[in-house]
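A structural walkthrough
Here is how the chains run, residue by residue.
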Amino acid sequence: MGAPLVIGRAKEPRVVPETVVISKELHNFIRVIDRCTTSPRSVRRILSSPQTSTLPTMSTSPSPASTASLAPRTAIQLLGLMLLHGGVAGWIGYGAFIKATEFNPNLLPGVILDVLRFVMTRIAVDPSVFMSWSLRSIIGVEIFLALAILLSARYARVLAITTLGFFCAILLYAMITTAMSDGIVKAVTTGCGCFGSAGMPASVMFLVDGALLASAFFLVSRQREGTATPVAATLAIGMIAIFAIREPEMTTTPTPTEVVKDPNTNPSGGSDATNPELVTKPAVITGPWPSAPAKYEKTYFPRWKDWIGQPLRDQKLARAIEGTMPADLERGDWLVVFSRPDCEDCQSMFRGNFAVARKERVLKVTVPDSRGPHIGMPCIGCEERMLYRVRAGETGKGKSPDYVFKTPVIVRMKDGIVSGVCVDRSNAAEYASVFGEPVKSTTAAPTDPATPVVTPPTTATTAAWPGPPAKLSSFYVAEFSGTVGKPLADLPFALLIENKLPPKFLEGRWIVVFYREDCDHCNDLLMTYFSGALKFPTLTVAIPDADPAASMPNPCDACSKLSMIKGPNYVIGTPVVLAINNGIIECVVEDVEDMTALEACLKFNTP
């Protein structure tokens, strides 16, 4: 018989490209390896699955997730992972290392330090202990975050975005508040303390944090598998670091206390050899001023309100003052002023309250942890001391203490007992408690009932200075034309004078001088007309945009010294001299080269 007749076309076998064919065994093996990098539990489940040893009867194809895991990463994705696990982790870890090395709470960002101060005022705990453990906790959290971002695949992106977003918010807030108080230039050039005392400006830190935040958000995939094991392990390491960080120790040799011979002990005037008994000068509080502590505190965070009613000598911060105390410190009325040499608010306070000798004795105590250039602090008749610090070249004494409080702080005491403390000069009650400004009596003199009482109209003599507006403009132009005969308080520019005007400023005749500290003409004017005894009380008002490097001291020792509020820009040519009488402008001299107009306004030569 012949061959069977084949009807129709025979079916040709389907040809599949060799590069696409993946055996079931190879696919299952790759799937196991992929799971091994993500979940040990999944590995055990896959290895025990019958699919790893027995071939399924139906054909399988790789899942989309597995296919994605096998696909090579692009250069952009690799860059994003490098910035995430290397850049962000290293950035945060370096900040933790610097904080642990310097261990200085004063270098924390201002807003963080303000929060800690707020908490401190509302809980009963030792300030040094609270601040120490707060700093330890911050360092421990940063160590955890750095290690978790370095080692975790699943949670690194979320932790990085959350942390860097928080950092950017803190830096932005710090720059805005600094710009509002000190100007934009100061805002972008001032350090934030994030990397210690030698760290970068806040603006540079903000740019770096922002760049790392953008890379984590846009360059790193959201779908990354992994376990929580690295996070749990690094959390344990961070908690251990909180307790393991070693704080520097500080010791010093006690300073000998000054003593004098008691005249009642040796009435014949014998020598120390024949009469060695020595006692301190008599005072309300008996006994010598305590010696310097053998071991200083690591952190000084005074509870100022707790000082009131207590002897100054009992306060830890007071015992950290170096040098021999004035012999009569605990007799009579004293003001103790804590200030930093780079503190502009301190300078303003000294100008307004200590530029002339006061009836109280004054002890000016310098806080030595300043970081900016030193500026002049006029303090006429003051005794000067400094808080303890480790000097350059001294070994075996660790690091200087951290003085965690804002300056200036003014303490009033009588016979060694603290009677008032002012940490905020805008607080009228605190200001009055130390400077003792008298409160004017409102009790009226008795009158005849038959005689009607007539309330006198309010005049500039009794009017209160309105002070600066609640909302400030970005700049102010000094316009003096047409102001003669008008109240000084009607000038928007004048209202920007610091609201710390001397008593009776609106009573009688006053001279007001607007000047800049780096202005040669201003300095010549003050040297020529205001360096000696003054016929009229004088207020000098500094424009705060002067170059600190070119600033010159104000030679007018008898003047009250204030400044314009820092922040806005002031458009004014200096110097400008004006005179007021009962708050009303009598004359204005904008061209001090006009000697006739200037001397007529000053009236220094008028009998």
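Up top is the structure these notes are about.
No experiment lies behind these values; they were computed from the predicted model shown. (Residues numbered from 1 in each chain as written. Predicted model: local features only at pLDDT ≥ 70, side-chain atom pairs only at ≥ 80, totals over all residues. Heavy atoms only, no water.)

A closer look at the overall build of the protein chain
When its secondary structure is counted, the protein chain shows 16 helices and 14 strands. Out of the 607 residues in the protein chain, the part that is buried amounts to 39%. If you take every contact in the protein chain between residues at least 6 apart in sequence, the share linking residues at least 24 apart comes to 73%. Carbon and sulfur atoms make up 61% of the accessible area of the protein chain, which amounts to about 33,500 Å² in all. (Helix = DSSP H or I, 4+ residues; strand = E, 2+ residues; numbered from the N terminus. Buried < 20%, exposed > 50% of the residue type's maximum accessible area, 1.4 Å probe, protein only. Contact = heavy atoms within 4.5 Å. Areas by Shrake-Rupley, 256 points an atom, 1.4 Å probe, with all protein chains shown as cover.)

Thoughts on a negative patch on the surface
Together, Glu479, Asp520, Asp524, Glu590, Asp591, Glu593 and Asp594 line one region of the surface with negative charge. Within the secondary structure layout, aspartate 591 lies in the loop between strand E14 (584–589) and helix H16 (595–602). (Patch = residues over 30% accessible without salt bridge, like charges linked within 9 Å, V, L, I, M, F, W, Y side chains within 5 Å. Salt bridge = Lys/Arg side-chain N within 4 Å of Asp/Glu carboxyl O. Lys, Arg positive; Asp, Glu negative; His and termini not counted. Charge placed at Lys NZ, Arg CZ, Asp CG, Glu CD.)

Some points on the state of the cysteines
Counting across every chain of the model gives four disulfides. Between cysteine 379 and cysteine 382 runs a disulfide, and the two sulfur atoms are separated by 1.7 Å. Looking down the S-S bond of the cysteine 379 and cysteine 382 bridge, the torsion is -70 degrees, so its handedness is left-handed. When sorted by exposure, cysteine 379 lands in the same class as cysteine 382, which is buried. The partner cysteine of cysteine 587 in its disulfide is cysteine 601, sulfur to sulfur 1.9 Å. Disulfide cysteine 587-cysteine 601: the torsion about the S-S bond is 80 degrees, which places it as right-handed. Taken together, the residues span a long stretch of sequence, with cysteine 587 in strand E14 and cysteine 601 in helix H16 at a distance of 14 residues. (Disulfide = S-S within 2.5 Å.)

Observations regarding the packing of helix H4 (residues 75–102) against helix H9 (residues 202–218)
It is the contact of H4 with H9, at a shortest axis distance of 10 Å, that shows an interaxial angle of 150 degrees. Here H4 lies roughly antiparallel to H9, going by the angle between them. Helix-helix and strand crossings are classified by hand; for H4 and H9 the assignment is left-handed. Facing Leu83, Leu84, Gly87, Val88 and Trp91 of H4, the residues of H9 in contact are Met205, Val208, Asp209, Leu212, Ser215 and Ala216. (Axes fitted to C-alpha atoms, helices over the stretch in contact; angles between N-to-C directions. Parallel < 35°, antiparallel > 145°, perpendicular 65-115°, else oblique. Left-handed = near helix turned anticlockwise from the far one by under 90°.)

Description of helix H13 (residues 344–353)
In terms of residue burial, H13 counts as a mostly covered element, since seven of its 10 residues are buried. Regarding H13, the residues found buried are Cys346, Gln347, Ser348, Met349, Phe350, Arg351 and Asn353.

Some points on the nonpolar core
Core analysis: the largest hydrophobic core is formed by 29 residues, its most contacted members being Phe338 and Leu387. Only helix H11 (304–307), helix H12 (316–319), strand E2 (333–339), strand E3 (361–366), strand E6 (409–414) and strand E7 (417–422) provide two or more residues apiece to this core. Not counting the four nearest positions on each side in its chain, phenylalanine 338 is found in contact with Trp304, Trp307, Leu317, Val365, Val367, Leu387, Phe405, Thr407, Pro408, Val409 and Val411. (Core = buried A, V, L, I, M, F, W, Y, C linked by side-chain atoms within 4.5 Å.)

Concerning the environment of valine 231
Looking at the element boundaries, valine 231 is found in helix H10 (residues 229–244). For the pair formed by valine 231 and alanine 148, sequence separation is 83 residues and the distance between their alpha carbons is 5.3 Å. Once residues within four sequence positions are removed from consideration, valine 231 is found in contact with Phe144, Ser152 and Tyr155.

With respect to the sheet that holds strand E13 (residues 576–581)
Consider a sheet: its strands pair through backbone hydrogen bonds, and that pairing is either parallel or antiparallel. Taken together, five strands build an open sheet; the order of strands is E11-E10-E9-E13-E14 and the sheet is mixed. Both outer strands of the open sheet, strand E11 (560–563) and E14, are each paired with one neighbouring strand and no more. Pairwise comparison of adjacent strand axes, ignoring direction, gives a mean angle of 20 degrees for this sheet. Examined bridge by bridge, strand E9 (residues 509–515) and strand E10 (residues 538–542) share five bridges and lie parallel to one another. The residue bridging phenylalanine 514 from the neighbouring strand is valine 541, located in E10. (Pairing = 2+ DSSP bridges.)

A look at the sheet that holds E2
Pairing is mixed across the open sheet formed by five strands, whose spatial order is E4-E3-E2-E6-E7. Looking at the sheet topology across the chains shown, the edges are occupied by strand E4 (383–386) and E7. The sheet shows a mean angle of 25 degrees between the axes of neighbouring strands, direction not considered. Across five bridges, the pairing between E6 and E7 is antiparallel. Each bridged residue has a counterpart across the sheet, and for lysine 414 the counterpart in E7 is isoleucine 417. The strands touched by helix H14 (residues 428–435) within the sheet are E2, E6 and E7, with E7 carrying the most contacts at an inclination of about 140 degrees.

Thoughts on the pattern of salt bridges
One pass over the structure, following the stated rule, counts 18 salt bridges. Between aspartate 333 and lysine 414 there is a salt bridge, with the nearest N and O atoms lying 3.5 Å from each other. One end of the pair, aspartate 333, is in strand E2; the other, lysine 414, is in strand E6, with 81 residues separating them in the sequence. We classify aspartate 333 as partly exposed; its relative accessible area is 33%. One salt-bridge network, in which partners are shared between bridges, spans Asp328, Arg361, Glu383 and Arg385.

Re the pairing of E9
Taken residue by residue, a regular strand's side chains alternate between the two faces of the sheet. Counted residue by residue, E9 has seven buried out of seven residues, so it is predominantly covered. Every second residue of E9 is oriented toward a common face, with Arg509, Ile511, Val513 and Tyr515 on one face and Trp510, Val512 and Phe514 on the other, all of them buried. Each parallel crossover has a hand, and for E9 linked through helix H15 (residues 520–529) to E10 it is right-handed. (Right-handed = clockwise from strand over helix to strand, strands pointing away.)

Some words on a nonpolar patch on the surface
A cluster of nonpolar side chains, namely Val115, Phe118, Val119 and Ile123, defines an oily patch on the protein surface of about 320 Å² accessible area. Of note, isoleucine 123 is situated in the loop between helix H5 (110–120) and helix H6 (127–151). Classification of isoleucine 123 as partly exposed rests on a relative accessible area of 34%.

Description of the pairing of E13
Of all the six residues making up E13, five are buried; the element is thus mostly covered by neighbouring parts of the structure. As paired strands, E9 and E13 are joined by six bridges and run antiparallel to one another. When the bridges of E13 are listed, valine 512 appears paired with leucine 578. Bridging between E13 and E14 involves five bridges; their strand directions are antiparallel. Each bridged residue has a counterpart across the sheet, and for isoleucine 580 the counterpart in E14 is isoleucine 585. Connecting E13 to the antiparallel partner E14 that follows it, the hairpin turn spans two residues, and asparagine 582 within it adopts a positive phi of roughly 55 degrees.

Observations regarding the packing of aromatic side chains
Applying the stated criterion to the full structure yields 18 aromatic pairs. Measuring from ring centre to ring centre gives 6.4 Å for phenylalanine 338 and phenylalanine 405, while their planes differ by 85 degrees; the resulting arrangement is edge-to-face. Of this pair, phenylalanine 338 sits in strand E2 while phenylalanine 405 sits in the loop between strand E5 (402–403) and E6, and the two are 67 residues apart along the sequence. As far as the burial class goes, phenylalanine 338 and phenylalanine 405 line up, both buried. (Phe/Tyr/Trp six-rings, centres within 6.5 Å; stacked < 30°, edge-to-face > 60°.)

Shape descriptors only; they carry no functional weight alone.
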